[in-house]
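Summary of the model geometry
Okay, here's what each chain looks like letter by letter:
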Amino acid sequence: MADTALPMEPLKLAHTPRARLDATLLRILGLAFTIFIIAYIAIPVVVTLVMSFNEASVIRFPIKAWSFAWYEDFFASPQWVDALKSSVIIALGTTVISTVSGVLAAWAFERFAFPLKSAVYLVIMLPLFMPGVVLGLGVAMAFGNVSILGHDIYGTRGLVMLAHSLWAMPLVFMLMEATFRTVDHRIVEASYDLGGRPVQTFFEIVLPSVSTGIISSALFAFVISLNEFVMALFLTTRDTQTLPVLMWLSLRSAGTPRLAVASVVLAGAVFISLALIMIWYVRQLKKT
């Protein structure tokens, strides 16, 4: 007996008036939420930017007169310029330490098996979830009386770099571990078969294939260190204090538009770092 069953008609629930109303409502809610998030992020940045051009001697919004006077004051002040210089130097050192250690650790976790691997992973990631005050105070107490060749470690930029790396390195490790999972290990094995040494293969084959992840991780580490405040407050002295620390100390004594200028400088560094990440990522996509 021939099969006389008629083919089922496709469901048309998506074309019903109720479905179209729900879809429109979701679209409106999504758009409204997106606008709210953008405004929530942009308004403080815009207000700070506007305040940096305030001619008055106190922070007051809206401003009554526009001026570049506080920018001139900021870059003419040795104290503020030195704080900015310390922030950049510490951020660069943190970037190097975190990127090198994070990349090597991530490759070891991806490539090799060793005892207590899960426990070591937990130890590496633990500082990322610890409060800055705990890490800063712990490092200060641990190295407060330590000296190398007669020079005290406490208060040096190097100690702050190591402390900032407690946050930056786990982030690099986490990002690079995910990135290394995308590497085709058959290429690595082929390099070994052709006589390539492990170190040579790592630098000539593996690292170029994950360059986007390395650049992104390094820039994130730079931004984290540049904006970090709590640990730097415990570990710096007047000669090595970073810009966020000086901003906090200045806010306690006098809230001038110089603080807005410093905020703009820090925000500008963040935006430049994010722009570099996007530019690098787009260039890599075009190559593929």
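As the structure is a prediction and not an experimental result, all values here were calculated from the model.

**A word on the overall build of the protein**
When helices and strands are counted, the protein shows 12 helices and 2 strands. Reading the protein from its N terminus to its C terminus gives the helix and strand order α-α-α-α-α-β-β-α-α-α-α-α-α-α. Relative to the compact-globule value of 19 Å for 288 residues, the protein shows a C-alpha radius of gyration of 26 Å, a clear excess of over 25%. Taking the principal axes of the C-alpha coordinates as reference, the protein spans close to 95 × 65 × 35 Å. Within the protein, the proportion of its 288 residues that are buried is 36%. Surface summary for the protein: the accessible area is close to 18000 Å², and the carbon and sulfur share equals 71%.

**Regarding unusual backbone geometry**
In this structure, L116 is a non-glycine residue whose phi angle is positive, near 55°. Along the chain, L116 turns up in the loop between α3 (78-111) and α4 (117-125). Judged by relative accessible area, L116 falls into the exposed class, the value being 67%.

**A short note on helix α5 (residues 132-143)**
Here α5 contains 12 residues, and its C-alpha end-to-end distance of 16 Å stays within 8% of the 16 Å for a straight helix at 1.5 Å per residue. Contact partners of the buried residues in α5: α6 (157-180) and α10 (230-235).

**Topic: the packing of aromatic side chains**
In the structure shown here, the tally under the stated rule is 15 aromatic pairs. Consider the rings of W107 and F202, whose centres lie 5.6 Å apart with planes at 45°: the pair is tilted. Here W107 is found in helix α3, whereas its partner F202 is found in helix α8 (residues 198-209), with 95 residues between them in sequence. As far as burial versus exposure is concerned, W107 and F202 are alike and both buried. Through a chain of ring-to-ring contacts, the aromatic side chains of F53, W66, F68 and Y71 assemble into a single cluster.

**Details of the packing of α3 against helix α11 (residues 243-253)**
Interhelical geometry of α3 versus α11 gives an angle of 140° and a closest axis separation of 7 Å. Taken together, α3 and α11 sit at an angle that is classed as oblique. Contacts from Q79, W80, A83, L84 and S87 in α3 reach L243, P244, L246, M247 and S250 in α11. Classifying every residue of the contact of α3 with α11 by side-chain character gives 7 nonpolar, 3 polar and no charged.

**Details of the pattern of salt bridges**
Scanning the entire structure with this criterion turns up 4 salt bridges. Between E189 and R111 there is a salt bridge, with its nearest N and O atoms 2.5 Å apart. Of this pair, E189 sits in helix α7 (residues 185-193) while R111 sits in helix α3, and the two are 78 residues apart along the sequence. A salt bridge links E177 to R181, with the shortest nitrogen-to-oxygen separation between them at 3.7 Å.

**A word on helix α1 (residues 17-51)**
For α1, which comprises 35 residues, the first-to-last C-alpha distance of 50 Å matches the rise-based estimate of 51 Å (1.5 Å per residue) to within 8%. If you look at α1, its biggest bend is around 30°, right at A42, and the proline P44 turns up within four residues after that.

**With respect to the side chain of S87**
With respect to the helices and strands, the residue S87 is situated in helix α3. Once residues lying within four places of it in the same chain are set aside, the contact partners of S87 are L226, T242, L243 and P244.

**Observations concerning a nonpolar patch on the surface**
A cluster of nonpolar residues, F33, F36, I37, Y40 and I41, forms a patch on the protein surface that exposes about 570 Å² of accessible area. Here F33 shows up in helix α1.

**Re the nonpolar core**
Ranked by size, the top nonpolar core spans 21 residues in total, and within it V103, F173, M176, F180, F202 and V210 carry the most contacts. Counting residues per element, the ones that place at least two in this core are α3, α4, α6, α8 and α9 (211-227). Looking at which element gives the most residues to this core, the answer is α6, with 6 residues. Residues within four places of F173 in sequence aside, it is in contact with G102, A105, A106, F109, Y121, I124 and M125.

**Focus: the environment of A163**
Residue position: A163 is located in helix α6. Overall, A163 belongs to the buried group, its relative accessible area being 1%. The contacts of A163, once residues within four sequence positions are left out, are V139, M231 and L235.

Parameters and conventions
Residues numbered from 1 in each chain as written. Predicted model: local features only at pLDDT ≥ 70, side-chain atom pairs only at ≥ 80, totals over all residues. Heavy atoms only, no water. Helix = DSSP H or I, 4+ residues; strand = E, 2+ residues; numbered from the N terminus. Rg over C-alpha atoms; globule rule 2.2 N^0.38 Å. Buried < 20%, exposed > 50% of the residue type's maximum accessible area, 1.4 Å probe, protein only. Areas by Shrake-Rupley, 256 points an atom, 1.4 Å probe, with all protein chains shown as cover. Expected span 1.5 Å × (residues − 1). Contact = heavy atoms within 4.5 Å. Phe/Tyr/Trp six-rings, centres within 6.5 Å; stacked < 30°, edge-to-face > 60°. Axes fitted to C-alpha atoms, helices over the stretch in contact; angles between N-to-C directions. Parallel < 35°, antiparallel > 145°, perpendicular 65-115°, else oblique. Nonpolar A, V, L, I, M, F, W, Y, C, P; charged D, E, K, R; others polar. Salt bridge = Lys/Arg side-chain N within 4 Å of Asp/Glu carboxyl O. Bend = angle between axes of the 7 residues up to and from the residue. Patch = residues over 30% accessible without salt bridge, like charges linked within 9 Å, V, L, I, M, F, W, Y side chains within 5 Å. Core = buried A, V, L, I, M, F, W, Y, C linked by side-chain atoms within 4.5 Å.

Interpretation in functional terms is not warranted from these geometric data alone.
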